[in-house]
Amino acid sequence: MRLEFDWVDAFTTQPFGGNGCAVVHGGAVLSDETCMGYVRETSLVECTFTGPSDVADLRVKYYLASREIPFAGHPTIATVAALRHRGMIGDGPLRLETGAGIVAVEVAGDLITMTQVAPTFGAEVAPHLVAAIGGITPEEIISPPQIVSTGLPFCITVLRNRAALDGLRFDPSALKAYAQALGHDGIDIMEPYWITLEGATSAGDTCARLLLAPPSPPEDPFTGSATGAAASYLWARGLLDSPSYVAEQGHGMGRPGQAQVTVLGPRDAITGVQVAGQGCVIMTGDVFLPAGDEGR
């Protein structure tokens, strides 16, 4: 199949910042194997594949190199930026059908705001299990790590300061022990999302990192889904004075990214999270991929 694609850097206004995502228009008909193979070919963390929807304006499928996932934040921003770049949408509301449900998006010029679903708060995790994954001591963690999802689960882990965040060193054997302790098979791991209440720049209020296991690249430059989960955690636990703030990620990788975040609802009854950012199209063209036979 010959399909059109756009390569978009999300959560940035400049090329080579934020997090890249290739958006394959009409690619939702492709097989899982083809989609995962395409992600591996790009060396990106995630790519999206779009198609028609009976319940929303557009269907979006999200893939890592290893599997399909129900939702992802920076690919959502990238997908909408690609649609806008092609003149397929204008300003106003947009509804996306995802594996995590309907995601509401608002487009206002270059700013794209997605409203992630209300958070699900899961189990707390022993600090020593999480600390070992990043090669730090449990004392660097200042709040109980907890599994939180606004469409995709992460273990939200708040660190003492930027020095602890910058000093993280991924330990794959510790990740395996962590996964086993949570009862996971090592494929669908709820990775720790490391965050500190200090910005990477004077404009930021938080800074975060997400370290990844193969076959994904070693680190994610900006993680929109985890940003929503972290915002829910910070607001619910009283670690934020305001429900609106600026989240930063990727600066240590030379790919600075930024999002405007607003938690909706009171601390004990969060109804959703708005995560807003911009996208920069840096490449566009055609891909030639094996036709899918699933028709999903």
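To be clear, the structure that these remarks concern was listed above.
Residues numbered from 1 in each chain as written. Predicted model: local features only at pLDDT ≥ 70, side-chain atom pairs only at ≥ 80, totals over all residues. Heavy atoms only, no water.

S.K.: Can you help me understand the layout of surface pockets in this one?
M.R.: Approximately 190 Å³ is the volume found for the second largest pocket. In this structure, the second largest pocket is lined by 15 residues; those nearest its centre are Phe11, Thr12, Thr13, Gly257 and Gln258. When residues of the lining of the second largest pocket are traced back to their parent elements, those giving at least two are strand E16 (257-264) and strand E17 (272-277). Sort the elements by how many residues they give to the lining of the second largest pocket and E16 lands first, with four residues. Classifying every residue of the lining of the second largest pocket by side-chain character gives five nonpolar, ten polar and no charged. (1 Å grid on protein atoms, 1.4 Å probe; cavity = no way out; pocket = protein on both sides within 12 Å on 5 of 7 lines; lining within 4 Å. Points joined across faces, edges and corners; volume = space filled by probe spheres on them. Helix = DSSP H or I, 4+ residues; strand = E, 2+ residues; numbered from the N terminus. Nonpolar A, V, L, I, M, F, W, Y, C, P; charged D, E, K, R; others polar.)

S.K.: Explanation requested: the packing of aromatic side chains in the structure shown.
M.R.: We describe a pair of aromatic rings using the distance from one ring centre to the other and the angle between the two ring planes. Taken as a whole and judged by the stated rule, the model has five aromatic pairs. Taken together, the ring pairs in this structure connect Tyr38, Phe49 and Tyr63 into an aromatic cluster. Positioned above the aromatic ring of Trp235 is the side chain of Arg267, whose terminal nitrogen or guanidinium carbon lies 3.8 Å from the ring centre. (Phe/Tyr/Trp six-rings, centres within 6.5 Å; stacked < 30°, edge-to-face > 60°. Lys NZ or Arg CZ within 6 Å of the ring centre and 35° of its normal.)

S.K.: Got a minute to help me understand the environment of Ser149 in this structure?
M.R.: In this fold, Ser149 is placed in strand E10 (residues 146-149). Residue classification places Ser149 among the buried positions, given a relative accessible area of 15%. The spacing of Ser149 and Ser232 is 83 residues in sequence and 8.8 Å in space, taken between C-alpha atoms. Among residues more than four places away in sequence, those in contact with Ser149 are Ala118, Pro119, Thr120 and Ala229. Of note is the side chain of Ser149, whose polar atom sits 3.0 Å from the backbone nitrogen of Gly151. Within the structure, Ser149 has its side chain in polar contact with the backbone nitrogen of Leu152 (distance 3.1 Å). (Buried < 20%, exposed > 50% of the residue type's maximum accessible area, 1.4 Å probe, protein only. Contact = heavy atoms within 4.5 Å. Polar contact = N/O pair within 3.5 Å; in protein donor to acceptor, adjacent residues only side chain to side chain.)

S.K.: Even after reading the chapter, I still don't get the nonpolar core, so can you show me in this structure?
M.R.: Side chains that are nonpolar tend, in soluble globular proteins, to be buried together. Core analysis: the largest hydrophobic core is formed by 54 residues, its most contacted members being Val105, Ile156 and Tyr193. Looking at which element gives the most residues to this core, the answer is helix H6 (residues 224-236), with seven residues. Apart from the residues within four sequence positions on either side, Val105 is in contact with Thr76, Val80, Gly92, Pro93, Leu94, Leu96, Ile112, Thr113 and Met114. Counting residues in each nonpolar core, the second largest holds 21 residues, with Val125, Val130, Cys155 and Ala164 among its members. (Core = buried A, V, L, I, M, F, W, Y, C linked by side-chain atoms within 4.5 Å.)

S.K.: Looking at this structure, how should I read the pattern of salt bridges?
M.R.: Close approach of charged atoms allows side chains of opposite charge to pair. Per the stated rule, a full pass over the model turns up nine salt bridges. Here Arg86 ties to Asp6 by a salt bridge, and the two come within 2.5 Å at their closest N and O atoms. A residue pair is termed long-range when its members are at least 10 positions apart, and Arg86 in the loop between helix H2 (73-85) and strand E6 (92-98) and Asp6 in strand E1 (residues 2-10) qualify at 80 residues. Looking at Arg86, the relative accessible area reads 27%, which means it is partly exposed. A salt bridge links Asp9 to Arg255; the shortest N-O distance between them is 3.1 Å. Here Asp9, found in strand E1, pairs with Arg255, found in the loop between strand E15 (244-249) and E16; they are 246 residues apart in sequence, far enough to count as distant. Bridged by salt links that share partners, the residues Glu4, Asp6 and Arg86 form one connected network. (Salt bridge = Lys/Arg side-chain N within 4 Å of Asp/Glu carboxyl O.)

S.K.: Got a minute to help me understand unusual backbone geometry in this structure?
M.R.: In terms of backbone geometry, most residues other than glycine have negative phi values and most peptide bonds are trans. Pro214 connects to Pro215 through a cis peptide bond whose omega is 10°. Secondary-structure assignment places Pro215 in the loop between strand E13 (206-211) and strand E14 (219-220). Here Phe16, not a glycine, exhibits a phi torsion of approximately 75°, which is positive. On the secondary structure map, Phe16 appears in the loop between E1 and strand E2 (19-24). Even without being a glycine, Ser43 presents a positive backbone phi close to 65°. Positionally, Ser43 belongs in the loop between helix H1 (32-42) and strand E3 (47-51). Among the residues examined, Ser43 registers a relative accessible area of 56% and is labelled exposed.

S.K.: When you look at the packing of helix H3 (residues 127-134) against helix H5 (residues 172-181) in this model, what are you seeing that I'm missing?
M.R.: To describe two helices that pack against each other, one gives the angle between their axes and the distance between the axes. Remark: H3 packs on H5, axes separated minimally by 8 Å, with the N-to-C direction vectors making an angle of 150°. Relative to H5, the element H3 is oriented roughly antiparallel. The two elements H3 and H5 meet at a crossing, and its hand is left-handed. Along the contact surface, H3 presents Leu129, Val130, Ala132 and Ile133, while H5 presents Ala174, Leu175, Tyr178 and Ala181. Here the residues of the contact of H3 with H5 sort into eight nonpolar, no polar and no charged. (Axes fitted to C-alpha atoms, helices over the stretch in contact; angles between N-to-C directions. Parallel < 35°, antiparallel > 145°, perpendicular 65-115°, else oblique. Left-handed = near helix turned anticlockwise from the far one by under 90°.)

S.K.: In this structure, what is going on with the state of the cysteines? I would like to understand it.
M.R.: Between two cysteines, a covalent bond joining their sulfur atoms is known as a disulfide. Considering all chains together, one arrives at zero disulfides under this definition. Just so you know, Cys35 is unpaired, no disulfide at all, and the nearest cysteine sulfur is the one on Cys47, 9.0 Å from it. (Disulfide = S-S within 2.5 Å.)

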